[in-house]
Amino acid sequence: MTKLNQSKKSKEKDKFLAGPIVLDVVGKTLDKDDVRRIAHPKTGGVILFGRNYQDRKQLTALTKAIKAVRSDVMISIDHEGGRVQRCRTDGFTHLPAMKRLGDIWSNHGKRPDASHAITAMDAATAVGFILASELRACGVDFSFTPVLDLDFGRSAVIGDRSFHRDPQIAYALAKSLNHGLLLAGMANCGKHFPGHGWAEADSHVAIPVDERPLKSILNDDAQPYQWLGLGLASVMPAHVIYSKVDKNPAGFSKIWLQDILRKQMKFTGVIFSDDLSMEGASVAGSVVKGAEMALKAGCDQVLICNRPDLADELLKHLKYDEKAFKTSRARLEKLMPSSRAMAWHDLQESPDYQKAKQQLKQLGLIAA
């Protein structure tokens with residue numbers, strides 16, 4: 001091979017060619033089927049779960065192996081804090097549930113003042129910075145956080161993952177957490193648009209329905225999305241049917257994603273579908289039909305998790321408008337970290353990291 005051809009091949013490898021599918025891997029190392037799926041041109045991202053984590057050394061080796069197959073795929077994870085945190089051992093900080101931050105703002109039901117709000121927002125920034133910097137030190141590019149759902153006391157699957165019932169408080173704390181993520185070089189993802197806090201059913205195992213009128217949802221649940229504006233890098237819609245608005249769940253709805261989110265709210269970031277293997281997505285029929293509906297409705301990428309067989313089905317049969325997807329690809333590339341991550345050892349010695357951890361320890365939000 002000539003030097004010219006080698007150079008051309010190298011540039012093609014580094015070019016951002018991510019596809020519309022985000023899929024997972026089976027275990028703690030890659031097998032030949034994982035490699036085949038990641039290398040497929042329709043693949044655009046890999047999402048990790050608790051089963052993919054043993055310790056920091058293993059996680060770092062896994063993320064390097066994924067990038068060796070495709071340097072342009074974004075490695076993501078659900079790592080919010082509280083009960084939704086995939087990496088908890090071997091030095092990872094066990095972060096608090098977001099409700100703990102909301103409680104500080106509200107001073108646990110006592111009469112709050114401005115100092116409580118400032119303390120809560122500073123703590124949220126510290127949480128975001130620690131969360132992102134630890135993940136990035138191990139090669140993870142992105143976490144699907146923060147949860148913007150409001151805590152109506154109705155949804156067990158959301159519950160303490162929510163900052164607060166008050167949309168203004170949820171917005172302020174999410175904005176602060178997003179700032180912390182950004183300080184560590186990570187983008188954010190608001191979920192689950194327009195809000196999963198009212199619907200009682202768990203979309204992992206059922207098809208939730210929210211029967212409230214559009215005006216109520218826009219004036220309450222959806223307000224954090226509106227207020228965050230350009231500070232919101234990406235959004236994940238809910239597998240919830242808002243029956244007064246559309247017969248389809250939000251992630252399959254042009255009304256929600258194009259008319260409301262894109263046009264009315266002027267959102268310009270990435271839209272991810274929620275996991276298409278969840279029961280809330282079953283209204284579409286097959287996984288291929290669901291993915292096609294989601295992409296046509298306005299999603300830039302679709303997630304398929306915990307079902308390698310369905311991932312293979314998508315890779316083989318999914319049809320989408322490749323010309324139109326160039327717009328999605330341009331949005332997706334902006335989510336990739338633009339700065340180099342700190343090595344784990346250097347992170348531990350970083351004054352900013354030490355300060356953030358000390359701040360959370362003093363508040364009792366993490367172990368001393």
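Note that this is a predicted model, so its numbers are computed, not measured.

### Observations concerning the overall build of the protein chain
Right, so step 1: Across its full length, the protein chain holds 14 helices and 12 strands.
Right, so step 2: Against the 2.2 N^0.38 benchmark of 21 Å for 368 residues, the protein chain shows a C-alpha radius of gyration of 20 Å, consistent with a compact globule.
Right, so step 3: Expressed along its principal axes, the backbone C-alpha trace of the protein chain runs to roughly 70 × 55 × 30 Å.
Right, so step 4: In the protein chain, buried positions account for 56% of the 368 residues.
Right, so step 5: The contacts of the protein chain with a sequence gap of at least 6 include a subset with a gap of at least 24, amounting to 77%.
Right, so step 6: Within the structure as shown, the protein chain displays about 16200 Å² of accessible surface, and the carbon and sulfur contribution to it stands at 52%.

### Focus on the environment of K289
Right, so step 1: Summarising the element assignment, K289 is placed in helix α10 (residues 287-297).
Right, so step 2: Along the primary structure K289 and L314 are separated by 25 residues, whereas in three dimensions their C-alpha atoms are 9.4 Å apart.

### Topic: the pairing of strand β3 (residues 74-77)
Right, so step 1: Going residue by residue along β3, you find M74 and S76 tucked away on one face and I75 and I77 tucked away on the opposite face as well.
Right, so step 2: Of the pairings in the sheet, the one linking strand β2 (residues 43-48) to β3 comprises four bridges and is parallel in character. By the bridge assignment, V46 is partnered in β3 with I75.
Right, so step 3: What joins β2 to β3 is helix α3 (residues 56-69), and the crossover it makes is right-handed.
Right, so step 4: The pairing of β3 with strand β6 (residues 142-143) spans two bridges and is parallel. By the bridge assignment for β6, S76 is matched with F142.

### Looking at the pattern of salt bridges
Right, so step 1: Summed over all chains, the structure comprises 22 salt bridges.
Right, so step 2: When the shortest N-O distance is used, the salt bridge between R70 and D72 registers 2.7 Å.
Right, so step 3: Judged by relative accessible area, which is 11%, R70 ranks as buried.
Right, so step 4: A salt bridge links R154 to E200; the nearest nitrogen and oxygen atoms lie 3.9 Å apart. Here E200 lies in the loop between β7 (190-193) and β8 (209-210) and R154 lies in the loop between β6 and α6 (167-183), a separation of 46 residues in the sequence.

### Some points on the sheet that holds β6
Right, so step 1: Spatially, the eight strands line up as an open sheet ordered β6-β3-β2-β1-β12-β11-β9-β7, and their pairing is parallel. Two strands bound the open sheet, and with one partner strand each, they are β6 and β7.
Right, so step 2: Looking at chain direction, β7 and strand β9 (residues 234-237) are connected through three bridges and run parallel. Following the sheet pairing, K191 is matched in β9 by M236.

### A few points about the packing of helix α5 (residues 114-137) against helix α14 (residues 351-362)
Right, so step 1: Interaxial distance between α5 and α14 falls to 9 Å at its minimum, and their mutual angle equals 130 degrees. Here α5 lies oblique to α14, going by the angle between them. Between α5 and α14 the crossing geometry is left-handed. Along the contact surface, α5 presents D122, A123, A126, V127, F129, I130, S133 and E134, while α14 presents D352, Y353, A356, K357, Q359 and L360.

### A short note on α10
Right, so step 1: In terms of burial, α10 is a largely internal element, nine of the 11 residues being buried.
Right, so step 2: Within the span of α10, buried status applies to V287, V288, G290, A291, E292, M293, A294, L295 and A297.
Right, so step 3: Positioned one or two residues after α10, G298 has a phi angle of 135 degrees, which is positive.

The rules behind each value
- Residues numbered from 1 in each chain as written.
- Predicted model: local features only at pLDDT ≥ 70, side-chain atom pairs only at ≥ 80, totals over all residues.
- Heavy atoms only, no water.
- Helix = DSSP H or I, 4+ residues; strand = E, 2+ residues; numbered from the N terminus.
- Rg over C-alpha atoms; globule rule 2.2 N^0.38 Å.
- Buried < 20%, exposed > 50% of the residue type's maximum accessible area, 1.4 Å probe, protein only.
- Contact = heavy atoms within 4.5 Å.
- Areas by Shrake-Rupley, 256 points an atom, 1.4 Å probe, with all protein chains shown as cover.
- Pairing = 2+ DSSP bridges.
- Right-handed = clockwise from strand over helix to strand, strands pointing away.
- Salt bridge = Lys/Arg side-chain N within 4 Å of Asp/Glu carboxyl O.
- Axes fitted to C-alpha atoms, helices over the stretch in contact; angles between N-to-C directions.
- Parallel < 35°, antiparallel > 145°, perpendicular 65-115°, else oblique.
- Left-handed = near helix turned anticlockwise from the far one by under 90°.

These values are about where atoms sit, not about what they do.
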